[in-house]
Amino acid sequence: MRQSYRIIPIYTADVSGVCSALYELGGMTVMHDPSGCNSTYNTHDEIRWYDQDSLIYISGLTEIDAIMGNDQKFLDDIKEAARELHPKFIALAGSPIPYMNGTDFPALAQVLEEETGIPAFAVPTNGMHDYVYGAGVALEEIAKRFTGEKTGRIQARTVNLLGVTPLDFGPVSHAEVLKENLKACGWKVLSTWAMGDEPDAFLQAGEAEVNLVVSSVGLRAAKVLEEKFGTPYVVGTPIGSYTERIAKALEEKEQIPYRKDRMQGRKERKVTLIGEPVIMESLAAGIEEKYDCRVEVLCPLEETDGLLADGDRWVHGEEEMEEALKDAEIIVADPLYKPICPKNCEFYELPHIAFSGRIYLKKLPVLGKLV
Amino acid sequence: MLKRVGHPVDEKGAAVAIKDAAFPVPFAPGLEFNSPVHGNWNIVHTGMLMPEARQIYVCADNCMRGVVLTAAEMNAADRFSFVIVKEENLLNGNLEDITIEGVTDVLNKLEEKPKAVLLFTVCLHHFLGCDLERVFQELEERFPKITFIRCYMDPIMQKHGPTPDQKLRKAIYEPLPKRKADEKAVSFLGSDFALEKNADLKRIVRAHQGIFRELPECKSWEDYLALSEGKLFVSSYPPSKYGAEVLSERLKRSYLYLPGSFDYEEITAQLENFCQAMGYGKLEETISVEEEIAACEKVLEKAHEVIGDTAVAIDYLYHPRPLGLAKLLLTHGFRVIQIYLDCISPEEKAEFEWLKEHAPDLQLIATIQVKMRVLPRTSDEKILAIGQKAAWFTGSPYFVNMVQGGGLYGFDGIRRTAELMEEAFTEEKDTEDLVVRKGWGCESCI
């Protein structure tokens, strides 16, 4: 049964994805939920929470307010907090009960914006999707509303890195490696969506020559920026030696280079990777090139359309994953997948915060240095 | 790395001198901040106390993530399973089916079946009017050898009724059968921690060659079932009271609620009640209250000699009676300056009034108020923090690392607190490493 899980956990959900994506942008993110979403997020999905402040709160929705449709308390509490804290924007994220009640978040955001003068938007989460969706839609909103107007000015050999959150990449020092890799290939990063930069960095995002979608979280924003500024985008993660190939794709505006690479020369000896599609496909391409072996990517996340190479698969749920892994020889995945891997396989740990949270934080690899 | 966001803010609304504070809620409700302090136990930790049982949760991804990783972090993922609720389950109205079939699927996959399943349903089940009677009836028919326990993760109800934590502390004792009372046995209910060896109640029972049973010490299902044999049921942790009362009524047992206290008179009265209920005669026949108090005074004096005039901050997570602790310390010369809490227990009304009069400038500081995210978390002076939250909010590495009263109780609890304070004052701790770990006292693999 797809929905039952005996032993492995699930990925970070959409609400946490929103908070993670918006964490460093100076806004205030409010989860409309009774309790739990906040603790889950800051315990397992947010490695910056201890000492890097961000205005992320929960509404503390009660049964009576949910039943009576009392949105006024939600609005009043947000306005009061905004009056004290002066956020740059207000983002609303819903959870299962407001979803079921049909809470009109876009309308509430509009009311907030009109009454506070602070830009406000809703991210249509319901706690039932994964972080890629939540973080992706959050960054999409940032691209729509906080990137300024088109100036027509383009800075040559510059990129924006789209889809960088600790959920996939870990601490900011790990994300810096992606920038260094690109710099070594002659590309300058204008902005990183969304960690490590000052919020104002987004204002010049429209001047980049090309956008680089380094995880599926950044794809929606890339499409908005393409429409708004005419900026082309490339999908791929600048991992180690594979960065050169990414740099070439940036020059040629080749949209998804790994798909072409992955279709070339399949060798024997299969390696199975599990994880986020863009990073895993880029890693797969790098491994195939460097180690001369065949790689298969299994992606358990929802948003994979057009992102997986031929032969790679979207796999949903523990049972399906266990079945997909039953003949795997070499597996590279988060350690919490190990209980459903064949006993005789070679297992290489690749911790992923969006799966195992902070458990393996001390062993987190620097993705940019992997191959 | 330390970044501040937004405009500078003042403490107004997040801190108040006790002389100006309202009872029992000193701070206006609003959006809520959640600090990175996680030593408190949640329903997963408490559920794991039940031996030979498995927890199964049925909920949406976002709610699931927190509980499944709680189990993983405490190295108990092998006793935890779940069923994910999807949008279509809400729209199709088949929450009963997905719950029944999901739990069945999990159980069928287990090589060894648990003695009991703590089945947690959630806010969605409640709001959709899920027929839980049918769910449990069907599961009990399919798995007649397994005891299914009705547990709830429905925080949407917690501001107008029992919290999920309180409900769990009731549910966890529901399988206890009616058994003949053992005249020598007392069952201590609803606490996450075994009482310390020298806690007053244990010493008294030991002096009478009695049997002291408590869930955290149960290693097997049979140990657990034996909890029902207690002649007297006792609980001390406030969230356990609701469940313990229900259980004592069902099993027709005497019950005493003996909350952990820092007041000599209250402790004495509690112990006298306990001795009477157990048929031990007068308290003085077992322990000397005078000697107990003298021993407390001695330890407190020694702690004060070491700690001196250093500022002390207390939080509600250290013990359910933070005001009582403040009163005890203030009356013994300690300089208590802050108490971190969001509301005041009705049990502490008298202490609140006393502090208002005798320590009017004592600061009550919220932990969930929105400004607590951005207010400074440092101090110019050394602060002895009693509790993890006090440590994080004051930025102090000198703190007593314990939650929920730990296994402390009675006169011994006072002495242990004083000893822990002295130890905390002299030994610097790694606050960041310690307070972020979930479930103080549990295994932690982070």
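Residues numbered from 1 in each chain as written. Chains lettered and ligands numbered in written order. Predicted model: local features only at pLDDT ≥ 70, side-chain atom pairs only at ≥ 80, totals over all residues.

## A look at the overall build of chain B
Piece 1. When helices and strands are counted, chain B shows 17 helices and 14 strands.
Piece 2. Whereas a compact globule of 446 residues would reach a radius of gyration of roughly 22 Å, chain B reaches 23 Å, a difference of no more than 12%.
Piece 3. Principal-axis analysis of the C-alpha atoms gives chain B an extent of 65 × 65 × 35 Å.
Piece 4. By residue count, 54% of the 446 residues in chain B fall in the buried class.
Piece 5. Expressed as a percentage of contacts within chain B between residues at least 6 apart in sequence, the contacts between residues at least 24 apart total 75%. (Helix = DSSP H or I, 4+ residues; strand = E, 2+ residues; numbered from the N terminus. Rg over C-alpha atoms; globule rule 2.2 N^0.38 Å. Buried ≥ 20, exposed ≤ 12 C-beta atoms within 10 Å, placed from the backbone. Contact = placed C-beta atoms within 7 Å.)

## Some remarks on the packing of helix 4 (residues 72–85) of chain A against helix 6 (residues 105–116) of chain A
All names here are of chain A.
Piece 1. At a minimum axis separation of 11 Å, helix 4 and helix 6 run at an interaxial angle of 40 degrees. Comparing the axis directions of helix 4 and helix 6 gives the class oblique. Helix 4 and helix 6 meet at a crossing whose hand is right-handed. Packed against helix 4, whose contacting residues are Phe74, Leu75, Ile78, Lys79 and Ala82, the element helix 6 presents Leu108, Val111, Leu112, Glu115 and Thr116 at the interface.
Piece 2. In terms of residue class, the contact of helix 4 with helix 6 is built from seven nonpolar, one polar and two charged. (Axes fitted to C-alpha atoms, helices over the stretch in contact; angles between N-to-C directions. Parallel < 35°, antiparallel > 145°, perpendicular 65-115°, else oblique. Left-handed = near helix turned anticlockwise from the far one by under 90°. Nonpolar A, V, L, I, M, F, W, Y, C, P; charged D, E, K, R; others polar.)

## A few points about helix 13 (residues 277–291) of chain A
Every α-helix carries 3.6 residues per turn, so stepping three or four residues along brings you back to the same face.
All names here are of chain A.
Piece 1. Look at helix 13: 20 Å from first C-alpha to last across 15 residues, which is about the 21 Å you get at 1.5 Å a residue.
Piece 2. Burial runs high along helix 13: twelve of the 15 residues are buried.
Piece 3. Residues of helix 13 that are buried include every one of Pro277, Val278, Ile279, Met280, Glu281, Ser282, Leu283, Ala284, Ala285, Gly286, Ile287 and Glu288, and no others.
Piece 4. Looking at the buried positions of helix 13, the neighbouring elements they touch are helix 8 (166–169), strand 8 (208–213), strand 9 (233–235), helix 12 (257–262), strand 10 (270–274) and strand 11 (294–299).
Piece 5. Once helix 13 finishes, Asp292 follows within two positions and takes phi at roughly 55 degrees, a positive value. (Expected span 1.5 Å × (residues − 1).)

## Some points on the interface of chain A and chain B
When the parts of a complex come together, some accessible area is lost, and that lost area is often used as the size of the interface.
Piece 1. Tallying the contact residues gives 59 residues for chain A and 59 residues for chain B.
Piece 2. Those elements giving two or more residues to the side of chain A that touches chain B turn out to be strand 1 (4–5), helix 1 (14–22), helix 2 (37–45), strand 3 (55–58), helix 3 (63–68), helix 4 and helix 5 (96–101) of chain A.
Piece 3. Residues that form the side of chain A that touches chain B fall into these classes: 28 nonpolar, 22 polar and nine charged.
Piece 4. Pairing of strand 1 of chain A with strand 3 (residues 80–84) of chain B, which is carried by two bridges, proceeds in the antiparallel orientation. If you follow Ser4 of chain A over to strand 3 of chain B, its bridge partner there is Val83 of chain B. (Pairing = 2+ DSSP bridges.)

## Thoughts on the sheet that holds strand 5 (residues 147–153) of chain B
Piece 1. What the five strands build is an open sheet, ordered 1(A)-3(B)-2(B)-4(B)-5(B); its pairing is mixed. Of all strands in the sheet, those with a lone pairing partner are strand 1 of chain A together with strand 5 of chain B, marking the two edges.
Piece 2. Pairing of strand 2 (residues 53–59) of chain B with strand 3 of chain B, which is carried by five bridges, proceeds in the parallel orientation. The residue bridging Tyr57 of chain B from the neighbouring strand is Phe82 of chain B, located in strand 3 of chain B.
Piece 3. Each of strand 1 of chain A together with strand 2, strand 3 and strand 4 (116–122) of chain B is contacted by helix 4 (residues 95–109) of chain B, which is oriented at about 145 degrees to strand 3 of chain B, the strand it contacts most.

## Examining unusual backbone geometry
Piece 1. The linkage connecting Trp193 of chain A with the following residue, Ala194 of chain A, adopts the cis geometry, with an omega of 10 degrees.
Piece 2. Relative to the helices and strands, Ala194 of chain A is located in the loop between strand 7 (188–193) and strand 8.
Piece 3. Look at the link from Phe23 of chain B to Pro24 of chain B: it is a cis peptide, with omega at 5 degrees.
Piece 4. With respect to the helices and strands, Pro24 of chain B occurs in the loop between strand 1 (15–17) and helix 1 (43–47).
Piece 5. One non-glycine residue, Glu52 of chain B, lies in the positive phi region at around 60 degrees.
Piece 6. Within the secondary structure, Glu52 of chain B sits in the loop between helix 1 and strand 2.
Piece 7. Given 17 C-beta atoms within 10 Å, Glu52 of chain B falls into the partly exposed group.

## Some details on the sheet that holds strand 8 (residues 230–235) of chain B
Residues and elements named next belong to chain B.
Piece 1. Read from one edge of the open sheet, four strands run 7-6-8-9, paired in parallel fashion. Lying at the two open borders of the sheet, with one neighbouring strand each, are strand 7 (211–214) and strand 9 (254–257). Ignoring strand direction, the axes of neighbouring strands in this sheet form an average angle of 25 degrees.
Piece 2. In this structure, strand 6 (residues 182–189) lies alongside strand 8, joined through five bridges in parallel fashion. The residue bridging Leu189 from the neighbouring strand is Ser235, located in strand 8.

## Let's talk about the domain arrangement of chain B
Residue and element names in this part refer to chain B.
Piece 1. Per the domain assignment, the segments making up chain B are domain 1 (15–36 + 291–435), domain 2 (51–168) and domain 3 (182–287).
Piece 2. Computed over C-alpha atoms, the centres of domain 1 and domain 3 are 27 Å apart.
Piece 3. Listed as interface residues are 23 residues of domain 1 and, on the opposing side, 21 residues of domain 3.
Piece 4. Going through the elements one at a time, helix 12 (289–307), helix 13 (322–330) and helix 16 (410–426) are the ones with two or more residues in the side of domain 1 that touches domain 3.
Piece 5. At six residues, helix 16 tops the list of elements feeding residues into the side of domain 1 that touches domain 3. (Domains from an automatic or database assignment.)

## Comments concerning the pairing of strand 4 of chain B
All names here are of chain B.
Piece 1. For strand 4, the buried fraction is high: seven of the seven residues fall into the buried class.
Piece 2. The alternating pattern of strand 4 places Ala116, Leu118, Phe120 and Val122 and Val117, Leu119 and Thr121 on opposite faces, both of which are buried.
Piece 3. One ladder, built from five bridges, connects strand 2 with strand 4; its direction is parallel. Bridging across to strand 4, Ile56 finds its partner in Leu119.

## Quick word on the environment of Asp342 of chain B
All names here are of chain B.
Piece 1. Locating Asp342 in the fold gives a position in the loop between strand 11 (335–340) and helix 14 (349–358).
Piece 2. When the 17 C-beta atoms within 10 Å are taken as the criterion, Asp342 is described as partly exposed.
Piece 3. It is 7.0 Å that separates the C-alpha atoms of Asp342 and Ile368, two residues lying 26 residues apart in sequence.
Piece 4. Leave out the neighbours within four places in its chain, and Asp342 touches Phe27, Ala366, Thr367 and Ile368.

## Some details on the packing of helix 7 (residues 164–171) of chain B against helix 10 (residues 241–250) of chain B
All names here are of chain B.
Piece 1. It is at 7 Å that the axes of helix 7 and helix 10 come closest, and there the two elements cross at 30 degrees. With respect to each other, helix 7 and helix 10 are oriented roughly parallel. For helix 7 against helix 10, the interelement crossing comes out right-handed. Across from Gln166, Arg169 and Lys170 in helix 7, the residues of helix 10 making contact are Tyr242, Gly243 and Val246.
Piece 2. Residues belonging to the contact of helix 7 with helix 10 are distributed by class as follows: two nonpolar, two polar and two charged.

## Here we look at the domain arrangement of chain A
Residue and element names in this part refer to chain A.
Piece 1. Here chain A is partitioned into domain 1 (14–145), domain 2 (155–256) and domain 3 (258–369).
Piece 2. Look at where the C-alpha atoms of domain 2 and domain 3 centre, and you get two points 22 Å apart.
Piece 3. Each side of the interface is counted separately: domain 2 has 23 residues, and domain 3 has 22 residues.
Piece 4. Within the residue set of the side of domain 2 that touches domain 3, elements represented by two or more residues are helix 8 and helix 9 (172–184).
Piece 5. Tallied by class, the residues present in the side of domain 2 that touches domain 3 amount to twelve nonpolar, nine polar and two charged.

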